[in-house]
Each structure stands twice: as structure tokens, then as C-alpha cells.
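Chain and residue survey
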Amino acid sequence: MKSAVKIMFLSALFAMCCISGNIRAYEYHGVDIGGFISQGYLQSTDNNFFAETEDGTSQFNEAGINFSAEVSDRLRLGVQFLSRDLGTIGNNEVILDWAIADYHFRDWLGLTVGNMKFVHGLYNETRDLDMVRTFILLPQSVYIEAWREAISSIQGAGLYGDIGLSDMGSLSYDLQYGTVNLDSDKGAARLLEDQWPFQGMGLLVDVDRINVDYTYAASIRWITNLEGLILGGSTWGYQFEADGTTLLDTTNPTAAAMLGDIPELAALVDPLGRSVARLILSPSEFGVEAVSYTASMEFMWRNLVFAAEYMRTTYNIEFRNSPLFNTLEPVLRNNGVAVQDGTIEVDQFSSVGYYTSLAYRFTPWFELGTYYSVYYPNEDDKDGKDRVAKGLDAQDHRGWLKDIALTTRFDVNENWIIKLEAHKMDGSAILLGADNPVPEDPGEDRYEEDWYLFAAKMTFHF
Amino acid sequence: MKLRSIPLIVRIVLACMVLSVFGGLIVPAGHAASEVMVVANDSVPVKSLSRDAVQEIFLGRKTRWSDGQKITLATLKEGDDHSDFLRMYVGKTPQQFKNYWKSQVFTGRGKAPEAFTSPDELAEFVTNTPGAIGYLPQRAYQNQLKSLMIE
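Conventions adopted
Residues numbered from 1 in each chain as written. Chains lettered and ligands numbered in written order. Predicted model: local features only at pLDDT ≥ 70, side-chain atom pairs only at ≥ 80, totals over all residues. Heavy atoms only, no water. Helix = DSSP H or I, 4+ residues; strand = E, 2+ residues; numbered from the N terminus. Buried < 20%, exposed > 50% of the residue type's maximum accessible area, 1.4 Å probe, protein only. Contact = heavy atoms within 4.5 Å. Areas by Shrake-Rupley, 256 points an atom, 1.4 Å probe, with all protein chains shown as cover. Pairing = 2+ DSSP bridges. Buried area = accessible area lost by both parts, 1.4 Å probe. Salt bridge = Lys/Arg side-chain N within 4 Å of Asp/Glu carboxyl O. Nonpolar A, V, L, I, M, F, W, Y, C, P; charged D, E, K, R; others polar. Axes fitted to C-alpha atoms, helices over the stretch in contact; angles between N-to-C directions. Phe/Tyr/Trp six-rings, centres within 6.5 Å; stacked < 30°, edge-to-face > 60°. Lys NZ or Arg CZ within 6 Å of the ring centre and 35° of its normal. pLDDT = per-residue confidence, 0-100.

Time to look at the overall build of chain A. If you tally the helices and strands in chain A, you get seven helices and 18 strands. When each of the 462 residues of chain A is scored for burial, the buried share is 57%. A separation threshold of at least 6 residues defines the contact pool for chain A, and within that pool the share at least 24 residues apart is 67%. Accessible area for chain A stands at about 19200 Å²; split by element, carbon and sulfur atoms hold 57% of it.

Below, the structure is given as C-alpha cells:
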């Protein structure tokens, strides 16, 4: 069934690509049809960036097709199907990216219901649209790839509008409330696994299911009277529960010792478990609350676009596994971890990220862009020393990622775009453990601190 | 893989910049503006607009005239008149304007303006579409359509 949907999706896209030669969406009996298809290539000198980039990968693409129609003067219906791939994320499954019914009461008040694009920062709503921006990869400090599905769209209802402020410009606002479908094989789940704080003890987890209780997002933009200057602020929040399979890595000395020293632990382990990582019979549960705030600024002057954003996200995470944590309570206590009723609460922590970017269009066909982006997964541990001390990571440079990017964009014609991009990276935060397994050679580092990432992408849009 | 790719990328970037500069293809900072006038259908209930109002209309932030009539946008696809209008009244380059509307359409936020290859087509559309607003070269179309004064 999934392959049939994929074939229909690609066939429709291909047909549209063949008949379209116009920059506007194709129109058929009052229905506007737009689409894009892009194929990229990623290569890194070290570290796998959400795919097997060290070996070079073409598992980096996006394709979308949308249909929209104005049913009446005030009511608009629309839908977009999207397929994307980035390593193990997406795998070109066709998903309903957005599907909305939009009723525009007044310019200052509109109501949208359905599956809406999630408002966050300046560019989150358009991050799938390669053709409307200079860069291939948005700055990872504010637009983290692992969170992409989690903040791509929201199912629920939203209010929006534009309010004139006379001589002071105008305000645009969005309020959204609903929920999100988070798959256990997507980036957010992998990120959650990396937050599991017992990896140093040889306890691993594989997230099986995520259930989002609620999500909200709000954004306000002030289009100032200084031509080209936009100031904005946005916030979003999440609460979700997850559960996963817990494994004991018996190659880890601490885990092997625990298994020998604590008879109750042996009773929790699957007797038929594998020789290296053994299954622990009781599942682990997660409770996660995340709240994020972003301040944004964009200034356009003729062919120059300058942007800067700052984002801070605060997390409250707790892990529950009564049989396991109660059994390991003495060991955990010795490692500074307190167990209360089979629950471990991680101290609240905040990640921070910021970037500045500059892009200039030299000619109608050539644009150059650059940005500097900085991200700290824990603002109180910017040098990564605490992570190492707590056994969360073996290398302190997991505590930051500083990225200098340089991009060239070539508009071959109205429909075709080619981009080339280079990143000089310092640090290894945001990289996922699932993409960067522990090396078999104990003398080899799992992550490299200084590395480069190259990206190329070609896009067709209509 | 070592850093062999860096010089290649840097070479491509530099080559494009040099080509741009010496090929005279740099986007002109401000060539002599053609005389563009804002035109509207006879049903439009205003005779003048502020420059900010023109910007809000062409960016889809203002969608109704004062009598509740829906605003329908008409634009040219390319050319100096298109560029000059966008620069003078919307504060965007043609590329930025195109990207803005692509973003609106591809995120479900709006319907792109009607776009015409020739001023004649645009003039005909504005004449025949209630609530329509567009822009035309002043010299060729003066007194042919209702023109709005921009304050």
C-alpha cells in the first residue's frame, strides 16, 4: 500500500514537472497545484551527520506536491503531501505534510483547522522548501535536524492575523494548539535515546512509542516601518510520554560487574538475551516537557538579507522503570543519581543556540550566503565537562557545535536551482548516537571534534 | 576523505563572483526608474493609497477593500516595470517577491497573485475583474484605466 502511494505521488510530481514551465503554481479547474523535488548529496570528513555521510550519501532528498482552492471569498482548502529522506529519517514515506481549512474572517483574524505548518522562528514553516532560501541546511542552532518532524506541523486549530500599527508598521501573529504524531524511528526518538543518562553504565534504551499529550506554538512578527526590518518572537511547548526497550550492554565493564554483583538484576534480564546486549524485561518510560523561546531579526536591503536568531529550550525529563531502578538504587546512588519511587528526575536543563547569517544576490542567477551558528545542548555545561563526569558522553566536545557555513546558489532558470555548501564544524553536539556507533576499536574516538561537512543539492520547483 | 573538495568549492564561488563583476551582471543598484502607476478596477472604492497600504496589499496582508470587496492582485512576470514597482512600493526584489509568495502558497497561507507576461494582458484583467489592483507603465496606459494616487 505504501509503495502504491509512493508511485502515485512520484507520478503526479513527474507529470507536473513535465507540463509546468511557469513560476506560478499550475492551475486546473480552479485548483492551484504546486510542487518541488530536490536531490542532494552529503559528505563529511568525520562523524555521520544524520546519515552515513562519512562515506558520502545521496539519501538526502525532498519532494512535495500541494493542491489548494478557494471555495469561497473567505474559505480556502489546501493539502500538501511530502516525502523526504535523510539517512534513516523519512525513508521517502509519503506523509500528509499539511491539510487545512482556512476561514479568513478579517485581515486581523483568521481561523485554520487541520494539520498546519508549525510556527517557530523565521524559517521553520518553509524549511522543506529549498527553493525559497539561500542555504541547504538551516543553522542547526535554531533548526535542529533531529527535531524537524517534531516541529514540522501541528494537528489542531490556529488563529492568525495582521494588525496595522499606522506609523509603526504592522504586527503578524499566530497561535496554534494541538498535537503531533511522533514516530519512534524518527529524529526526536533518537535524540531522546541520546539523553538517556545511564549509557556510561552500559544501560541503553531503544524508544518504541511516543505519545504526545499536547503541543502549542505562538509567533508574533513586527514588520517595522524601517523598510526591510522584521523583529519577531516565538514560543512552543511540548509534553509527551514515551516508552522503550531497555538493554544491558555486557561489554561495558560497569554493566558486567553489576550483572555479577546484583543477583536481582540477573533476574530482570531475558535468559535468552543476546551475548552482548541483553534485554531487560521491564520497559522504561519517559516523561518529557519542553518549552522553547526564540527571538528573531531579519533585515532585507535590496539584494542583501541579514538574519539573526536566538533560541532557548528548557527540558524537564523523568525516567520510570521501578523494577530496574529500585534494583540498581545503591549503584545509582553511588553515581549521584537519586531514585524516588522507581522514578529518576533529571535536573532541569536548557539548551541554547544562536546564529547570524548574511546572503547577497550578485546576479539574477547567483547568490552567496554565509552563517555562523553556535549550539550548546546544556547552557550550564558549555565545555562539556559535566557530561563526561556524569558518563553521558565520553568526549567533552559533545557539549557544543560551532558551525561556519558558506553557500553558493545558482538559479539555472525559473524552475531549476543548484546549491553547493561547505561547513566547518567545531564540536559534535546534535549528532546522534544511532548514526555514530561505538567503534569496535577501544582506542578509536566515537566522535571527532573538528570536521567538515559538504552538501550539494539540485531542486526543481513549479 | 580529506579536504580536497574545499579548493574546488572556493574556486567555483570565486569564479562566479569574478564573472558577476566583470561580466557586468551585478544587479544594478538603482537604474533609472520607469514611471509606474498603480491601477485598479473601477469598482475599487478608493482613489488613493498610502505606500504602506500598497505594500500590505501586494504581500497579502490586506485582502479587502473598505467596502468588503475582495482584493485581487495582478502582477507582471518580469521586466523593469515589475522590478521598479516592487522596489518602490513593496521593498523587495523580484526574487524576494517570488520567494515570499512561494512560501505563502507552499505553507497553505495564501494564493499567489495573477502574473502576466505583458502589460496589455494585465490591463485587460484589471479592467474586467472587480476588486483588482495592479501596476502599469504610466506613459503607455495613462487615462486608460483607473489610476490610484500613492501618497
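Counting its secondary structure elements, chain B contains six helices and six strands. Helices and strands in chain B line up, N terminus first, as α-β-β-α-β-α-α-β-α-β-α-β. For chain B, the residues scored as buried account for 48% of the 151 residues in total. Sequence-distant contacts, at least 24 apart, represent 71% of the contacts inside chain B between residues at least 6 apart.

What follows deals with the pairing of strand 3 (residues 72-76) of chain B. As a general feature of sheets, a regular strand has side chains that alternate between the two faces. Residue and element names in this part refer to chain B. With four of five residues buried, strand 3 lies mostly within the body of the structure. Relative to strand 5 (residues 132-137), strand 3 runs parallel, the two being bridged by two bridges. Following the sheet pairing, T72 is matched in strand 5 by A132. Pairing geometry for strand 3 and strand 4 (residues 114-116), over three bridges, is parallel. In the strand pairing of strand 4, A74 is matched with E114.

A word on the interface of chain A and chain B. Frequently, the measure chosen for interface size is the accessible area that the parts lose on association. Taken together, the contacts link 57 residues of chain A with 46 residues of chain B. Between chain A and chain B, roughly 4800 Å² of surface is buried when both sides are summed, and carbon and sulfur atoms account for 55% of that area. Linking chain A with chain B are six salt bridges. Here E227 of chain A ties to R51 of chain B by a salt bridge, and the two come within 2.6 Å at their closest N and O atoms. With five residues, the single largest contributor to the side of chain A that touches chain B is strand 2 (residues 31-44) of chain A. Each residue belonging to the side of chain A that touches chain B can be placed in one class, and the counts come to 22 nonpolar, 17 polar and 18 charged.

On to the environment of L229 of chain A. All names here are of chain A. Following the sequence through the fold, L229 ends up in strand 10 (residues 229-249). A C-alpha to C-alpha distance of 9.4 Å links L229 and F306, two positions 77 residues apart in sequence. Once you skip the residues sitting within four places of it in the chain, L229 turns out to touch W222, I223, T224, M297, E298 and F299.

On to helix 2 (residues 187-195) of chain A. Residues and elements named next belong to chain A. Counting buried positions over the nine residues of helix 2 gives eight, a clear majority of the element. The set of residues buried in helix 2 consists of G187, A188, A189, R190, L191, L192, E193 and D194. Looking at the buried side of helix 2, the elements it contacts are strand 9 (203-223), strand 10 and strand 11 (277-301).

What follows concerns the sheet that holds strand 5 of chain B. Residues and elements named next belong to chain B. Strand order across the open sheet formed by six strands is 2-6-1-5-3-4, with mixed pairing between neighbours. Of all the strands in the sheet, the pair left with one neighbour each is strand 2 (48-49) and strand 4. As judged from the five bridges shared by strand 1 (residues 36-40) and strand 5, these two strands associate in the antiparallel manner. In the strand pairing of strand 5, V36 is matched with P137. Sheet strands in contact with helix 3 (residues 80-90) are strand 1, strand 3, strand 5 and strand 6 (146-150), and its direction is about 85° off that of strand 1.

With that settled, consider the packing of aromatic side chains. Residue and element names in this part refer to chain A. Counted according to the given criterion, the structure contains 35 aromatic pairs over all chains. Measuring from ring centre to ring centre gives 6.4 Å for Y177 and Y214, while their planes differ by 10°; the resulting arrangement is stacked. Of this pair, Y177 sits in strand 8 (residues 170-179) while Y214 is found in strand 9, placing the two residues 37 residues apart along the sequence. The interplanar angle of 75° and the centroid separation of 5.0 Å between the aromatic rings of Y360 and F362 together place this pair among those described as edge-to-face. Across from the ring centre of Y447, 4.1 Å away, lies the NZ or CZ of R398, which sits over that ring.

Right, let's talk about the pairing of strand 6 (residues 109-117) of chain A for a bit. All names here are of chain A. In this sheet, strand 6 lies alongside strand 5 (residues 94-106) in antiparallel orientation, the contact comprising seven bridges. In the sheet register, H104 faces strand 6, and the bridge partner there is G110. If you look at the hairpin formed by strand 5 and strand 6, you'll find two residues sitting between the two strands. Pairing analysis gives eight bridges linking strand 6 to strand 7 (residues 153-164), with the strands arranged antiparallel. Bridging from a neighbouring strand, V113 pairs with A157 of strand 7.

This brings us to the confidence of the model for chain B. Residues of chain B with pLDDT of at least 70 account for 77%, and the chain-wide mean is 84. Segment residues 21-33 of chain B is flagged for pLDDT under 50; beyond a separation of four residues in sequence, or across chains, it makes 24 contacts in the model.

Residues and elements named next belong to chain A. As enumerated under the stated definition, the model contains 35 salt bridges over all chains in all. Where K117 meets D128, a salt bridge forms, and the shortest distance between an N and an O atom there is 3.1 Å. Separated by 11 residues along the polypeptide, K117 in strand 6 and D128 in the loop between strand 6 and strand 7 bring together distant segments of the chain. Taking relative accessible area as the criterion, K117 reaches 4% and is therefore assigned buried.

Moving on: helix 2 (residues 51-58) of chain B. Every α-helical turn comprises 3.6 residues, leaving residues that sit three or four positions apart pointing alike. All names here are of chain B. Listed as buried for helix 2 are A53, V54, Q55, I57 and F58. In this structure, the buried residues of helix 2 make contact with strand 2, strand 3, helix 3, helix 4 (94-106), strand 5 and strand 6. Just past helix 2, the residue G60 takes up positive phi, approximately 75°.

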